[in-house]
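Given next are the chains, with one letter for each unit.
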Amino acid sequence: MGSWMTPDEDSPRPLAEQSAAAHGASPAHGLGVARHRTPLRARGRRVAVAAGALVIAAGAVAAATTGTTPVGPGPSGVAMPMSDGDGWSRVFSEDFDDTTTEGGFEAAYDDRFTVYHGFADTAGTGRYQASTLSAHDGMLDMHLRTTKAGTPLAGGVVPLVDGQWGGQTAGRYSIRMKSDEVDGYGVAVLLWSDENVWAHGEIDFPEGALGAPAWLNVHCLVDPAEKCIHHETDASLADWHTYTIEWTPSRMSFLVDDEVVGSTTQDIPVERMHLVVQTGSLEGLPPRDAAGSLLVDWMTIDVPADGETPRATLPSTEPSAD
């Protein structure tokens, strides 16, 4: 495959597969296949749980806390935790202290992230470009807008553990983030198959239209086109929140600001999955003047410590034993 010319630049850029392959990615990662379904235009609260899925919190998904105001260190008011303990071992952390120009993120953070560029976003209307990314004021800035040529720009990054591409079979993934309200654009933080096989699983948390409520979506392993958990939380993407996916072989739990908003013992992936943060257009073309950012204060990845079998956090209404 050749290279793709960016809408705003005269020089070609390498395709995503070349960047990922440089860090050890399998060929499947670079195919340019959409990594998630279209983020939801959340209008009205809805909970949909497919038959057989188990969501624990007084019979439904518990409500998340909302509207946190910065009161401590860092741009979001909550510092990146140094370590989680409780059977987890930290293998990746990033608080974006190295400042870059817009479009300079990929070169400056090449040892820590693979960057998407050169292929269509999930909706098929936008293009992933490294030019959307920068780091400033201790944050990753994924700045979305439409080019003069009429192409909506999208941004995507994959954290590298020890500088190498590739996922895990269990882990604890946390991201502290907020977004502007940008009409026509959405975000998905997700776990996706290392082999790019949808039937291996897809976990989207948080997911949604920028500035709108955050959704939790767990796709069914038997039929990944169906969502076995589909829930709108009380957390707004417009506010600073910490979102956590806890993935163990027996349970997955999902937390907002350390409070469990959902937990399941079914449709748990068993294949290697990697974390992806991606923003892009929703269905249809965004308004030409729509522009704004997803801001990330910090990200962490933990894996089970040697000899440990950590448990995913249970909702307060759930008995202590699985």
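Residues numbered from 1 in each chain as written. Predicted model: local features only at pLDDT ≥ 70, side-chain atom pairs only at ≥ 80, totals over all residues. Heavy atoms only, no water.

Visitor: I keep staring at the overall build of the protein chain and nothing clicks. Help me out?
Guide: When helices and strands are tallied, the protein chain shows 2 helices and 19 strands. The 322 residues of the protein chain split such that 56% are buried. Of the contacts formed within the protein chain by residues at least 6 apart in sequence, a portion of 72% connects residues at least 24 apart. Total accessible area on the protein chain stands at roughly 12600 Å², and carbon and sulfur atoms take up 50% of it. (Helix = DSSP H or I, 4+ residues; strand = E, 2+ residues; numbered from the N terminus. Buried < 20%, exposed > 50% of the residue type's maximum accessible area, 1.4 Å probe, protein only. Contact = heavy atoms within 4.5 Å. Areas by Shrake-Rupley, 256 points an atom, 1.4 Å probe, with all protein chains shown as cover.)

Visitor: Mind showing me how you'd approach the nonpolar core here?
Guide: Inside soluble globular proteins, nonpolar side chains tend to come together where they are buried. Ranked by size, the top nonpolar core spans 47 residues in total, and within it F105, M177, L191, Y243, F254 and M299 carry the most contacts. Setting aside residues no more than four positions away along its own chain, F105 makes contact with F96, T100, F113, V115, L133, S134, A135, L140 and V157. Formed by 11 residues, the second largest nonpolar core is a distinct cluster that contains F119, W165, A188 and W192. (Core = buried A, V, L, I, M, F, W, Y, C linked by side-chain atoms within 4.5 Å.)

Visitor: Help me understand the state of the cysteines, please; the structure alone is not making it clear to me.
Guide: Joining two cysteines, a disulfide is a covalent bond between their sulfur atoms. Enumeration according to the criterion identifies 1 disulfide in this entry. The disulfide partner of C220 is C228, and the S-S distance across this bridge is 1.9 Å. Residues C220 and C228 share a disulfide whose torsion about the S-S bond is about 120°; that sign makes it right-handed. By relative accessible area, C220 is classed as buried at 9%. Taking the relative accessible area as the measure of exposure, C228 reaches 6% and is therefore buried. (Disulfide = S-S within 2.5 Å.)

Visitor: Help me understand the pairing of strand β14 (residues 227-236), please; the structure alone is not making it clear to me.
Guide: The buried fraction of β14 is high, at 8 of 10 residues. Note that strand β13 (residues 213-219) and β14 share 6 bridges and pair antiparallel. Considered in β14, the bridge of L216 is made with H231. (Pairing = 2+ DSSP bridges.)

Visitor: Please explain the confidence of the model for the protein chain as it appears in this structure.
Guide: Residues shown with low pLDDT carry predicted positions that ought not to be read at fine detail. With 75% of its residues at a pLDDT of 70 or more, the protein chain shows a mean pLDDT of 83. Per-residue pLDDT stays below 50 along residues 1-17; that stretch engages in 36 contacts with residues further than four places along the chain or on separate chains. Between residues 26-53, whose pLDDT stays under 50, and residues either more than four places distant or in other chains, the model counts 84 contacts. (pLDDT = per-residue confidence, 0-100.)

Visitor: Just checking my understanding: could you explain unusual backbone geometry for this structure?
Guide: Among all residues save glycine, negative phi is the norm, and among peptide bonds the norm is trans. In this structure, the amide linkage connecting F205 to the following residue, P206, adopts the cis form with an omega of -5°. The phi torsion at D137 lies on the positive side, around 55°, for a residue other than glycine. Along the chain, D137 turns up in the loop between β7 (133-136) and β8 (139-144). Even without a glycine there, the phi angle at D267 is positive, about 55°. Tracing the backbone shows D267 in the loop between β17 (259-264) and β18 (273-281). With relative accessibility at 17%, the residue D267 sits in the buried group.

Visitor: Sorry if this is basic, but what is going on with the packing of aromatic side chains here?
Guide: Remark: the centre distance and the inter-plane angle together describe each pair of aromatic rings, the angle taken between the planes. As enumerated under the stated definition, the model contains 12 aromatic pairs in all. Ring pairing ties together the aromatic residues F92, F96, F105, Y109 and F113, which thus form one cluster. (Phe/Tyr/Trp six-rings, centres within 6.5 Å; stacked < 30°, edge-to-face > 60°.)

Visitor: Is there a simple way to explain the environment of R311 in this structure?
Guide: Summarising the element assignment, R311 is placed in the segment after β19 (292-304). Judged by its relative accessible area of 53%, R311 falls in the exposed class. Put simply, R311 and G87 are 224 residues apart on the chain and 8.1 Å apart in space, counted from C-alpha to C-alpha.

Visitor: Explanation requested: the pairing of β18 in the structure shown.
Guide: Every regular strand shows the same layout, with side chains that alternate between the two sheet faces. Burial runs high along β18: 9 of the 9 residues are buried. Relative to β18, strand β9 (residues 153-159) runs antiparallel, the two being bridged by 3 bridges. Along β18, the bridge assignment pairs G155 with T279. In the sheet, strand β11 (residues 185-193) pairs with β18 via 9 bridges, with the strands oriented antiparallel. The residue of β18 that forms the bridge with V189 is V277.

Visitor: Got a minute to help me understand the side chain of H241 in this structure?
Guide: Here H241 is to be found in strand β15 (residues 241-247). Classification of H241 by relative accessible area gives buried; the value is 0%. Polar contacts involving the side chain of H241 include one to the side chain of D257, which spans 2.7 Å. (Polar contact = N/O pair within 3.5 Å; in protein donor to acceptor, adjacent residues only side chain to side chain.)

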